[in-house]
Structures are given as structure tokens and as C-alpha cells.
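# An overview of the molecular structure
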Amino acid sequence: MAQPYADKTQPYPHSPQASPTPGPRPSAQGLYDPAQEHDACGVAFVADLHGRRSHAVVANGLGALCRLDHRGARGAEPNTGDGAGIMIQVPDAFLRAVAGVALPPAGEYATGLVFLPDDDAAEARARRVVEKYALVEGADLLGWRDVPIDPDGLGETALAAMPRVRQLFVAARRLTDSPAGPAGSALRGIDLDRVAFCLRKQAERETAERGVPAYFPSLSSRTMVYKGMLTPDQLPAFYPDLRDERVDSAIALVHSRFSTNTFPSWPLAHPYRFIAHNGEINTIRGNRNWMQARESMLSGGSTAAGHVPGNIRRVFPVCTPGASDSANFDEVLELLHLAGRSLPHAVLMMIPEAWENDPGMQPDKRAFYRFHASLMEPWDGPASVAFTDGDIVGAVLDRNGLRPGRWWQTEDGLVVLGSEAGVLDLDPAHVVAKGRLQPGKMFLVDTVAGRIVHDEEIKSELAAAQPYGEWLHAGLIELDDLPAREHTVYTHDSVRRRQQTFGYTQEELKILLAPMARTGAEPLGSMGTDTPISPLSTRPRLLYDYFHQLFAQVTNPPLDAIREELVTSLASTIGPEGNLLDPGAASCRQIVLPHPIIDNDELAKILSIDEDGDLPGFKAVRVSGLYRIREGAPGSRRG
């Protein structure tokens, strides 16, 4: 087993001498928009397979973090980094000694650091908001703790942005009788975390609105996060807690941040409440927009969504505006988990493997993925995501395998996973198993059961949990299976008139459309163009000339759905959506489109989908996009 690093007066092994971290992000200006924040980083975890807590696991986690220093980034100041952090189990014995308040039994209180404004009056206002929502949620605010910090060595940029760091302790009791316990009994574990979640979301939103932002790296009865705009070796120096031998855990999840083309900040350091992420979510704009749209359908009154107490709308927006792609991913994952899904289940909903074109996949597993594809689109991109809820810890790799990850298990029960080899010095003679993260596969350590759970077992169990195949058979309709319908066939003159109306040019007809019609392939070419972009053009342009795909901020090659059909799919579903938090047979009553572009024959099928009266759950409505030209822009808004 790797030996913990014990010399607390020196940097951790293999960590370059570093310091601070960058300051507050500017608001949107010029070509910069904080909504485009992305990360490309180093991630690792250290875990005791049998759940034995020790400071050695924490120290080894910090040592692994320092080995990932080169995966993070620094600013113009040599002692300013993009961010570093660690997530551990709540160290109950340590907290009882330092909290300064009487604490309930382990698991019956939630705690976490809070980043508060560096001003007495602003901090007091923020704390009052937090205390108000503790009261609103029926939680007992047990007390605050001033977290010891040592900012010596931090650069000017990090110091300028450094918040005050406090620690909050809360508990709560059941308001009504339930199978889990009678009214008045103490909430514990995930039940308490749901109350803490509602408290935190409302407090963060209101303090931000009042200009006194409070940010919680975590607030949980199960896990605790220490992080900031710190380089890896600054983390244990800045937080003396982490050097205390009483701080113990069986899990240590660490992260070194490289904020790609963006501005670092204290809240955007990893880990978040459940994950640490290496990579970026290339589909983030669509994911955010869809999540915002689905909020209207979310409900806290159903059996599944009832896991989140009260009116769920009080915790909206689910995705915090201006947060990074990783932060928003974590927020959606948190909601799915707290609303009743296991953490692996929620992760596989958001990062599914390439199931569409895999001929060898088991039917029940394919049904699991296909059903969930009708609930939520994947959060796609080159991503290695490590996650933990305090009992299990694991990692999953995107369907293309574009981010590396390797793991090792020693004979004495130490499990290590990292973005690369060498995050800890392990004696090969003591390594009993090792491997790598594979595309679309999950690696999972269950510290309660004391074993590594293999990918097939995880997915087979989830696939068997509900009759997904039956639900799909009854609800999902393939576009090709719909009966053909009559529709207007336009004359050549009519088609030409429409082409002229919509701004088609001879160049587009000859160079683009004709080759596509002849060969069925996209025409490729390379040449310069001096034509103005659509918003600046004085000539009429096609509507979709005004829209272009936003691609990744780093040099990831575009995917080719033809040459890489095993890991890509152009299929999508259309139709009504239900409550994401309460899935059932009706959730997949949708039509599958094999491609995003449909022809007139297919459009006619959709418009007449219930013409025979045999599909009462479906209805198509034609919306006219015409407006009176003489009325100009105001007329287009009225329709």
C-alpha cells in the first residue's frame, strides 16, 4: 500500500512549489461570456475497498492531487492556479472536536464549507439569508464554524478574490410519519441531504440576487468538499484541517483544474457536490436549454419526485446561470439522484454508452438506454467523470473514450484511479488487479459491500429494474412504421419560386445540392470566401444561414456520423414529455426520427399521425410561419 505523506511542513511529493489562484470572473463582455466556461483537467480518487476510514486515504488523495499538478493551469503569476479540491467522507470524530457545538450522531447532521463575502456587513446579510431558509425548510441550524485557513503564499489574484470560509451545521426531523420513521424522528443520510439541498439552492439564489453571494462547495451528511482557487500543493497548506490526523475518510476524490479559455474562480474549482470532471460537455447549450424547458413539467407531488420535499419549483433554476458545464452537469445529476435514482443510474442517463449501433448489446440493456433517451438527451463530449456519494465511488468515460483513466487495486484493499499512471507509487508486487476506463463503461467501488462492481453487473441490474422493453413496445413509434399519407406534390415552377423566395443561389444548387442528390454524400471543398456573414449581408439569406453550430473550445475533431457510426447517431425523438423525476410507461410515447432532416413524405406522416384514430395519444399541429411583409418585424412577432 502507498505510504501517506506525513511531513506537513513541506509540499506533497512531486508537487512543484506553487501558490495562489485567479480572481473573480468578469461579466459578459466582447467575445467573452461566462456561460461558455469549460474545463480540461486532472482527476483521481483513492479509496479503501472495505470502507476503513483513515487519514492515510486523505493524505494519499492529496499526494495523487499533487501528481496531477501539470494537468491544471496557472495564470500570469507563477503562484496562481486555476483550482484544486478534494471530496472526502464527513470526518465525524474530527468535527466533534472542533465544531464548537454539540452534534447529533454521525449521519444525522449535514455540514459543509460556505464561501461568504469578504465584508462584515455583507457576510452578516448572507448568513441571515442562510438562517432564514434553514427555518423555512424546518431544519435546525446547529451552528457556524470559522474554518482555519492559511493564505500565505497565495498570489495577488487569488487573494483579491478569496472569500471568507465558514462551516455550517444543520439537522432536521421528519414532519410526518413515514415507512422510514415516525414524525419527529431525526432525518439522516440522503433524507437529510434532500432538506439540505433545498436550503442550499434557495440560499445561493437569494444571496446572489441580493449581491451578497454565498456559495456552498457542499452541504451533506455524507460527503464534504475542500476546494478553492488553489494549486494542488496549496490545498493542504491553505486548509490546515486536511493536515490534521483526525480527518479520516475511506474515499478521497481529487481534482486539478485547467479552465479552458475561461476565467478561474473559487466556486468553479472541483470537485462539486458529486463529481469531478476531466473534459468538457460539447452539447452544454442544448442541455441547459432542455433542462430549463423541462422545469415546467417537474413536479414534487408524485411518488418518485416526492423524494424532494415540498414544492420543487422553489429550487429552480436547476442549472445555475453563469456556472460552468461541469457545475451544471453536477446540478442535474444531484437532482436526479436526490429524486430517487441511484447515483450510477443517474450518471448513465447523462453519459450513456454508444448503444444505438452496437449489434452485440443485450436487448434489455438497449431498452434501458433507449427508454432514457426519450427522457433526456445525453450530455456529450470528451469526458471522464469521477463521482461519489460517500459510500460508492466510481468513474465513467464518454462513448468515444476521448479522456484517459487507469485504475489499480492492491492486495490490502487500496483502490486508485487517475487520469494517468503514476498518481501514487504502488509496489507492483502488491497490485492484484488493474485496468483502464473504457469508452462508455463504468468503474465502481462499493465501500459498503467491500468490492469492485463490474460494468455488466451495474447495467444488468438497472436494466432489469423496470419493464423498459414493454414500455417501449407500447409507446415508441418508428417514423418508418407510420402509414404513408398523401400530400401536395409541387410543380417545378412552384419549387423554383420557393427557392427564389428563400434565397437559394445558383452556386448552392450546382455546388452543394446537386452533388448531394447525385452521390448521397456531403460535398467537400476548401476555398476562401469574401461574402459577408448573414447579419451583415444586404442580400436575402436563408433563415438557417444565421445559425451555426458552436463547437468545442479545444482542438477536438468533429465527429462523422457515417465513418464513426458505431459511436454516433443522428436519431432523435419528438413528442410529449412528462415529469423527468417520475418516469413510467407514458414517458416514451414518442416518435423516433432516424435523421434530423425529414422529407415531404415523412412530414405528411407526422401531420396526419392520428388520422385513422388509432393513436389517440399523439396529435400534430401545423403552425404557420407566414406574416405580412408590409408590417415588417412587428408583423413577424404577431404571426
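The structure displayed is predicted, hence computed values, not measured ones.

## Side note on helix α15 (residues 600–607)
Taken residue by residue, α15 has E602, A604, K605 and I606 as its buried positions. Close packing links the buried residues of α15 with β19 (572–574) and β20 (591–593). A side-chain oxygen of the first residue of α15 lies 3.1 Å from the backbone nitrogen of D601; this N-cap is D599.

## Details of a nonpolar patch on the surface
Where nonpolar side chains cluster on the molecular surface, the patch consists of F502, Y504, I511, L512, L513, M516, L543, Y544, Y546 and F547 and spans about 1,100 Å² of accessible area. With respect to the helices, strands and loops of the structure, L543 is situated in the loop between α14 (506–519) and β19.

## As for unusual backbone geometry
Note that the residue after H270, namely P271, is joined by a cis bond; omega there is -5°. Of the consecutive residues F316 and P317, the connecting peptide bond is found in the cis state with omega at -5°. By secondary structure assignment, the location of P317 is in the loop between α7 (284–294) and α8 (325–338).

## Some remarks on the confidence of the model for the chain
Considering every residue of the chain, the mean pLDDT works out to 88; 90% of them sit at 70 or more. Throughout residues 1–24 the model reports pLDDT below 50, and contacts reaching past four residues in sequence, or to other chains, amount to 93 contacts. In the model, residues 301–305 has pLDDT below 50 throughout and makes 10 contacts with residues more than four positions away in sequence or in other chains.

## A word on the side chain of R485
When you line up the elements, R485 lands in the loop between β18 (477–478) and α13 (492–501). With a relative accessible area of 13%, R485 lands in the buried category. Here the side chain of R485 touches S608 through a polar contact of 3.3 Å, landing on its backbone oxygen. One polar contact links R485 to E611, side chain to side chain, over a distance of 3.2 Å. The contacts of R485, once residues within four sequence positions are left out, are A604, K605, S608, I609, E611 and D612.

Basis of the calculations
Residues numbered from 1 in each chain as written. Predicted model: local features only at pLDDT ≥ 70, side-chain atom pairs only at ≥ 80, totals over all residues. Heavy atoms only, no water. Buried < 20%, exposed > 50% of the residue type's maximum accessible area, 1.4 Å probe, protein only. Helix = DSSP H or I, 4+ residues; strand = E, 2+ residues; numbered from the N terminus. Contact = heavy atoms within 4.5 Å. Polar contact = N/O pair within 3.5 Å; in protein donor to acceptor, adjacent residues only side chain to side chain. Patch = residues over 30% accessible without salt bridge, like charges linked within 9 Å, V, L, I, M, F, W, Y side chains within 5 Å. Areas by Shrake-Rupley, 256 points an atom, 1.4 Å probe, with all protein chains shown as cover. Salt bridge = Lys/Arg side-chain N within 4 Å of Asp/Glu carboxyl O. pLDDT = per-residue confidence, 0-100.

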